[in-house]
Amino acid sequence: MNTGKKILYINLFFFLLPLAAYLAATLLLFHRQTVGYGGLYPSDIGPYIAEMLGEDTGYDFPYPILFLTGRLFLPLTSPEHAMALAVTLLNGMTPLVLKFYFDRILHVRDTGNARRGIISTLLVFSLLFVSMLYPFTYLGHYHDHQEGFLYRYLGVFTPNPYHNATYLAARPFSIPAFFLFADILAFYEGEDKWIHPKYLCFSLFLLLSTLAKPSFTLVLVVTAGIIMVWRLAAGKFRKTKAFFQVGIWFLPTFLVLLYQFGNVFHPGGADSGVGFGFLTAWSTVTDNVPMAILRGMAFPMVVLLFSLLQRRLPGLLKFSWQFFFAALLTLLLLYEKGYRLPHVNFAWGYMYGLFFACTAGLAILARNTLRRRQPVWQLVIQWTVYALHLVCGLDYFRILLRGWLFH
C-alpha cells in the first residue's frame with residue numbers, strides 16, 4: 001500500500017469512528033424529542049411531524065426538504081421515528097461537509113500528514129458541540145422553572161441549536177454555500193465569466209439551503225449585497241459586468257424567497273408582516289444584549305483580536321465577520337409582527353452568524369497553530385477560550401439529552 005492510500009485510510013478510519021458515535025447520540029436525542037415522553041425533551045419538532053403528515057398546524061412551512069425526507073421513512077416506521085431518522089440523516093451530513101473544508105484548509109491531502117487528518121476530525125466534531133458561554137457554577141446543575149432558573153440559551157443563542165430540526169436540516173447546504181461564496185469573493189472581479197463551476201455550485205447549495213430553511217439565505221443575501229455594491233461603487237462601477245455575472249446566480253433563490261415570504265409574512269396590518277424596530281424582538285428575551293453577544297462570540301472575538309495584532313486578516317475570517325455583522329443587524333432591527341414577535345425568528349440567522357464566526361475562527365486558529373504564525377501565549381489564550389465554549393457546549397448537550405428545557 002502506497003503512502004497516499006495509507007494516509008487516506010487512516011484519515012477515513014479516524015473520521016468514521018466519531019461520526020458513528022455522533023450519529024448515535026443525535027439519533028437518540030431526536031428520537032426522544034419526537035416521542036416526547038410526556039412533555040420532556042422540548043423542541044420545535046412536534047409541528048414538523050404534523051406538517052410531514054399533511055395536517056394543518058396553523059403555521060406555514062414553505063421549506064419542504066425536511067418534510068420530504070421524513071416521508072421517505074414513513075412506509076418503514078412510525079411518524080415520530082421517521083422524523084427522527086430524517087433529522088439525523090440531514091444533520092449527519094454536516095460533519096461530512098465540515099470535514100471536507102477543514103481538510104482543505106489544513107492541507108491534509110497536500111501534506112500527506114495523517115496527524116493533520118486526525119486533528120481536522122477532532123476540530124470538526126468539537127465544533128458541533130460548542131455553545132454559548134455561561135458560568136462554570138452552572139455546570140452539572142439544572143433548575144426547573146422557578147426562582148433562580150439558570151438561563152443559558154435564552155437571549156444569547158447558540159451555534160448549535162439542537163432543538164430546531166429545520167436549522168439542522170439546512171446547515172449541510174449552508175456550509176458549502178458559505179465557503180463557496182467566500183472563495184468567489186476572492187476572484188470574481190477578475191474572472192469575466194458568466195458560467196463558472198463555483199458559481200453553479202454556490203447557486204445550487206444556496207437554493208437547497210433556502211428550501212430547507214431560509215434563515216441563512218436572508219443573512220447571506222444581505223452580506224453579499226452590501227459587499228458587492230460597496231466594491232462596485234469603490235471601483236467607480238468599472239466592474240459592473242462582474243457584478244451581474246455573479247448576481248444572476250442568486251435569481252433561483254430570490255424566486256423561492258418571494259414564494260416563502262409571500263406565504264409566511266402577510267404584509268398589511270399591525271399583526272402581520274415584518275417590522276423595523278431597534279431591539280423590539282431581542283429585548284423580549286434578554287435585558288443585556290452586549291453581554292449576550294459577548295457570551296456567544298468570545299472565541300471569534302479573541303481570534304479576530306490576535307489576527308489584527310498580527311496584521312493578518314485572512315479572507316475567510318473577514319467574510320465570517322461580515323456575515324456575522326449582517327446577522328446581528330437583522331436581529332437588532334427586524335422583527336415579525338403579531339403572535340410571531342416572541343418567537344424572535346430572526347435569531348436563526350444570528351445563530352448562523354455565531355456558527356460561521358466560530359467555524360472560521362477555529363479553522364484560522366488551527367492553521368496558525370500548525371504553522372506557528374503566532375506567539376505561544378496568544379495561541380494558548382485562543383485555545384483556552386475555545387475550550388470554555390466546548391465545555392459549556394458539552395454540558396448543554398447533556399442537558400438536552402436529559403430532557404430538560406433548552407432555555
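In what follows, the accompanying structure is described.

How each quantity is defined
- Residues numbered from 1 in each chain as written.
- Predicted model: local features only at pLDDT ≥ 70, side-chain atom pairs only at ≥ 80, totals over all residues.
- Heavy atoms only, no water.
- Helix = DSSP H or I, 4+ residues; strand = E, 2+ residues; numbered from the N terminus.
- Rg over C-alpha atoms; globule rule 2.2 N^0.38 Å.
- Buried < 20%, exposed > 50% of the residue type's maximum accessible area, 1.4 Å probe, protein only.
- Contact = heavy atoms within 4.5 Å.
- Areas by Shrake-Rupley, 256 points an atom, 1.4 Å probe, with all protein chains shown as cover.
- Salt bridge = Lys/Arg side-chain N within 4 Å of Asp/Glu carboxyl O.
- Patch = residues over 30% accessible without salt bridge, like charges linked within 9 Å, V, L, I, M, F, W, Y side chains within 5 Å.
- Expected span 1.5 Å × (residues − 1).
- Bend = angle between axes of the 7 residues up to and from the residue.

## Examining the overall build of the chain
A tally of helices and strands in the chain yields 16 helices and two strands. Over its C-alpha atoms the chain spans a radius of gyration of 21 Å, differing by no more than 12% from the 22 Å that the globule rule assigns to 407 residues. Based on the C-alpha atoms only, the size of the chain along its principal axes is roughly 55 × 50 × 45 Å. Going through the 407 residues of the chain one by one, you find that 53% of them count as buried. Once local pairs closer than 6 in sequence are excluded, the contacts in the chain between residues at least 24 apart make up 77%. For the chain, the exposed area adds up to about 18,200 Å²; of that, 67% sits on carbon and sulfur atoms.

## Focus on the pattern of salt bridges
Within this structure, the stated rule accounts for eight salt bridges. Two residues, K99 and D103, come together in a salt bridge whose shortest N-O distance is 3.0 Å. Of this pair, K99 and D103 both sit in helix α4 (residues 79-105), four residues apart, which is roughly one turn of the helix. With respect to class, K99 is no different from D103; both count as buried. R340 is the partner of E336 in a salt bridge, and the nearest nitrogen-oxygen pair spans 3.7 Å. Here the two residues E336 and R340 agree in accessibility, since each one is buried. Within the structure, one salt-bridge network assembled from shared partners comprises R104, D183 and K198.

## Overview of a nonpolar patch on the surface
Taken together, the side chains of W194, I195, F244, I248, L251 and F254 make up a nonpolar region of the molecular surface, amounting to roughly 600 Å² of accessible area. Turning to its location among the elements, I248 is positioned in the loop between α11 (240-247) and α12 (251-264).

## Thoughts on unusual backbone geometry
Look at D192: it is not a glycine, yet its phi comes out positive at around 55 degrees. Locating D192 in the fold gives a position in the loop between α8 (188-191) and α9 (197-212). The backbone phi angle of V344 is positive, close to 50 degrees, even though this residue is not glycine. Within the element layout of this structure, V344 appears in the loop between β2 (334-336) and α15 (347-371).

## Topic: helix α7 (residues 165-185)
Across its 21 residues, α7 extends 31 Å between first and last C-alpha, which sits within 8% of the 30 Å expected from 1.5 Å per residue. At R171, α7 shows its maximal kink, close to 45 degrees; a proline, P172, follows between one and four residues later. The element α7 is largely enclosed, with a buried count of 21 among its 21 residues.

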